[in-house]
Each structure stands twice: as structure tokens, then as C-alpha cells.
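Below are the chains, spelled out letter by letter.
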Amino acid sequence: MLLEQYLPVLALIFLALGLGVALTLVSILLGPKKITPAKKKPFESGMPSDGAQYRRYSVRFYMVALTFLIFDVEIVFFYPWAVKFRELGFYGLGVMSVFFVILTLGLVYDWKKGALEWE
Amino acid sequence: MLISFYILAALAVGGALSVVLFRSPVYCALSLVATFLCLAGIYVLLNSEFVAAIQVLIYAGAIMVLFLFVIMLLNLRSDKPLRHSWTWPKLLGIGFAVAIIFQLIGIFHSPAARMGPAGKYSTEYLQQKGAVEVVGEVLFTEYVLPFEIISILLMVAVVGAVILAKRREPASTEQTP
């Protein structure tokens, strides 16, 4: 069965989990525990925090995320193309070029309208 | 094989339950990521690696970023407790859930849900060639026109996002210092 190919992925997941748990445990068991007010802050060396944890963010973040989502969808279509690249040859290159150029028009529009600028 | 399905399914259901049960919306969103990753694992078990890759890249990646930004935009507060009473929308929801469960049971027991005649893309075919290769083969030859139309659709989405963002720009520049 094909499933054995995914054994390294499983091993990686368990290794990552194990490493995270082990490092946290070691730090809890071996580390000194002297709690000072400065240490209880979320960012020990950062600016003093003020205001509530939940505040409204600018709608621009959302626009950046939306643009990211669209180009992420584009990348997904590159994946089967890259796998079949040798078999498809120049035909595949032409097909993907049309796809890419149309999407680049969208990017150029974004760029010209200043949507990529933070202002 | 079956064991890994049950593990992934249990984790997916657990993640979905924690989406509903966590109070903090950010925790809910992160539980949804776990659910999506488990679903990707189930897709791999079903020999559809391409759908699994999409699940991780699009859903667990981009869509969740979008969800988190929506949560941040909506200014949800975790210190304001949600009401937990037996109101009629809740009862209605439970009623619908039970109805869906019975419907699913009915579908799985009906003769129409039995296997139809086998097509070209059987499990053995997918395992032999690889799901991504098969998708690429079909997408760039038989369905090349829909593939190009997808790019136009995505371009429209890019342009639409910019138009929506730019429309409220004059008001926001006056307000922000």
C-alpha cells in the first residue's frame, strides 16, 4: 500500500510534538522559578502593554489576506503542472503561461491602484 | 489503514467539537486548523493527494488566515460570556442535526448508494499513477479551457478585492491620525 510512504510524515509530526513537549518539560523541571512582575508580562523585553487584548484591526489586513488567498489558489494549480512538467513539455508551458499572464494582469492592476502599499 | 482512519476521524471530530465548545474565537479558529489537517490525512487515505494538498494549502493556510482576520476585524470579546440557555434556535439546531443524521443513515442504507459501474479512475489506477499526476493529466488536456477560465475568475477576485478596499479609503484616511 501507498501509505508506507507517509511514514516519514508521521515520524516528523511525532518528532515535532515530542520535541515541543520535551523542551517545555525540561524547562519546567530544571529551570529556576523566580517570578518577578516583569517576567509575568507577555513580552518580557517589549513595550509595556496597554489596552484590551481585543481591539479592532484595520480592514487593510483583510485585504492583504484576501490577495494572499487568491494567489495561494494560483499556486495550487502550479502543483499538478510541476508534477507533469516533463510530459506536458512546451504545450504545458504555453497553457500555464496564458494562466499566469491573466493572473499577472490582476497583480499589475493591484500594483497600479496602490493596493499593495500600506499608506 | 482502518486504524489510521479511525484515529484521524476521532481527531477531526474532537477538533470540530472544540471549535464549537471553546469560548475564545481564536482558539476556535485554531481548532478548525486541526480539523482541516485531519481531513487532509483522510483524503490521503482515500488516495487523493491533490485534494489533501489543497486542504492544507488553501483551507488550513489561506482560509484560516482570512478567518483570523475576520475575528480581529469583528472585535469579538472573550470576557463577555455567551448566553447558555435553551432557546428555540438551539432546539431548532438540534432538531436539524438529528434530521441530518437520520438522512445520512438513510442514504447509506439505500440501494442507490451502492457502488455503480467502475469508471476509468479506479483506486488501483490512482495508486499506480499517483493522484496529482492524474489530475495534471486531465486538467491540462481535457479540461484546459475551464483551467484558463479559472485564471480569469481569480483575476476578477483580485480586482474586486481592490475595488472594495478602495471604496472605503476616503472615509478611513480622514479618521486615522
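The structure displayed is predicted, hence computed values, not measured ones. (Residues numbered from 1 in each chain as written. Chains lettered and ligands numbered in written order. Predicted model: local features only at pLDDT ≥ 70, side-chain atom pairs only at ≥ 80, totals over all residues. Heavy atoms only, no water.)

**Thoughts on the overall build of chain B**
A count of helical and extended segments in chain B gives eight helices and zero strands. Mapped in sequence order, the helices and strands of chain B form the string α-α-α-α-α-α-α-α. In chain B, buried positions account for 31% of the 177 residues. For chain B, contacts bridging at least 24 residues in sequence account for 50% of all contacts bridging at least 6. (Helix = DSSP H or I, 4+ residues; strand = E, 2+ residues; numbered from the N terminus. Buried < 20%, exposed > 50% of the residue type's maximum accessible area, 1.4 Å probe, protein only. Contact = heavy atoms within 4.5 Å.)

**Here's the deal with the nonpolar core**
If you look at the biggest cluster of nonpolar residues, it comprises 14 residues, and the most contacted ones within it are Met-96 and Phe-99 of chain A together with Phe-140 and Phe-147 of chain B. Among the secondary structure elements, those contributing two or more residues to this core are helix H2 (59-83) and helix H3 (85-113) of chain A together with helix H7 (144-167) of chain B. Tallying contributions element by element places H3 of chain A first for this core, with five residues. Here Phe-99 of chain A is in contact with Glu-74, Phe-77 and Phe-78 of chain A together with Phe-147, Glu-148, Ile-150, Ser-151 and Leu-154 of chain B, once residues within four sequence places are set aside. Among the nonpolar cores identified, the runner-up in size contains 13 residues, and Ala-65 and Val-76 of chain A together with Phe-50 and Ile-58 of chain B belong to it. (Core = buried A, V, L, I, M, F, W, Y, C linked by side-chain atoms within 4.5 Å.)

**A closer look at the confidence of the model for chain B**
All names here are of chain B. In this model, chain B carries an average pLDDT of 83, and 86% of its residues clear a pLDDT of 70 or more. Mean pLDDT per element in chain B: helix H8 (residues 169-175) is the minimum at 47, and helix H1 (residues 2-21) is the maximum at 92. Here residues 171-177 is modelled with pLDDT under 50, and outside its nearest four sequence neighbours on either side it reaches one contact, counting other chains as well. (pLDDT = per-residue confidence, 0-100.)

**Some points on the interface of chain A and chain B**
Every contact between the two is made by 47 residues of chain A and, on the other side, 53 residues of chain B. Summed over both partners, the interface of chain A with chain B buries about 4,600 Å², with 78% contributed by carbon and sulfur atoms. The interface formed by chain A and chain B holds four residue pairs in polar contact (both at pLDDT 80 or more) in total. Elements represented by at least two residues in the side of chain A that touches chain B include exactly H2 and H3 of chain A. Considering each element in turn, the side of chain A that touches chain B owes the most residues, 20 residues, to H2 of chain A. Here the residues of the side of chain A that touches chain B sort into 35 nonpolar, three polar and nine charged. (Buried area = accessible area lost by both parts, 1.4 Å probe. Polar contact = N/O pair within 3.5 Å; in protein donor to acceptor, adjacent residues only side chain to side chain. Nonpolar A, V, L, I, M, F, W, Y, C, P; charged D, E, K, R; others polar.)

**Structural notes on the domain arrangement of chain B**
Residues and elements named next belong to chain B. Domain annotation for chain B reports domain 1 (1-76) and domain 2 (119-164). Here domain 1 and domain 2 have C-alpha centroids that lie 23 Å from each other. Between domain 1 and domain 2, the contact holds four residues from the first and six residues from the second. Taken over both partners, the interface formed by domain 1 and domain 2 buries close to 420 Å², and the fraction arising from carbon and sulfur atoms is 70%. Here domain 1 is connected to domain 2 by zero salt bridges. Where domain 1 packs against domain 2, one counts one residue pair in polar contact (both at pLDDT 80 or more). For the side of domain 1 that touches domain 2, the class distribution of residues is one nonpolar, two polar and one charged. (Domains from an automatic or database assignment. Salt bridge = Lys/Arg side-chain N within 4 Å of Asp/Glu carboxyl O.)

**Some thoughts on the environment of Val-70 of chain B**
Residue and element names in this part refer to chain B. If you trace the backbone, Val-70 turns up in helix H3 (residues 49-74). With relative accessibility at 30%, the residue Val-70 sits in the partly exposed group. As for Val-70 and Gln-128, which are separated by 58 residues in sequence, their C-alpha atoms are 42 Å apart.

**Description of the pattern of salt bridges**
A full pass over the atoms with the stated rule returns two salt bridges over all chains. Here Glu-137 of chain B ties to Lys-84 of chain A by a salt bridge, and the two come within 3.4 Å at their closest N and O atoms. On the criterion of chain membership, the pair formed by Glu-137 of chain B in helix H6 (residues 131-139) and Lys-84 of chain A in the loop between H2 and H3 is interchain, its members lying in two chains. Members of the salt-bridge network, linked through shared partners, are Lys-84 of chain A together with Lys-129 and Glu-137 of chain B.

**A look at the state of the cysteines**
Cysteine pairs can be linked by a disulfide, which is a covalent bond between their two sulfur atoms. Residues and elements named next belong to chain B. Evaluated as defined, the whole model comprises zero disulfides over all chains. Unpaired in terms of disulfides, Cys-28 finds its nearest cysteine sulfur in Cys-38, a separation of 16 Å. The buried category is assigned to Cys-28, whose relative accessible area is 14%. (Disulfide = S-S within 2.5 Å.)

**A closer look at the packing of aromatic side chains**
Within a pair of aromatic rings, the relevant descriptors are the distance that separates the centres and the angle that separates the planes. Taken as a whole and assessed by the stated rule, the structure comprises twelve aromatic pairs over all chains. When the centroid spacing of 4.5 Å and the interplanar angle of 10° are considered together, the rings of Phe-99 of chain A and Phe-147 of chain B count as stacked. Of this pair, Phe-99 of chain A sits in helix H3 while Phe-147 of chain B sits in helix H7, each in a different chain. Across the pair, Phe-147 of chain B and Phe-99 of chain A agree in class, each one buried. Look at Phe-36 of chain B and Tyr-59 of chain B: their rings are 5.3 Å apart centre to centre, the planes differ by 70°, and that puts the pair in the edge-to-face class. Of this pair, Phe-36 of chain B sits in helix H2 (residues 25-45) while Tyr-59 of chain B sits in helix H3, placing them 23 residues apart in sequence. Cluster of aromatic residues (ring-pair linked, three or more members): Phe-77 and Phe-99 of chain A together with Phe-140 and Phe-147 of chain B. (Phe/Tyr/Trp six-rings, centres within 6.5 Å; stacked < 30°, edge-to-face > 60°.)

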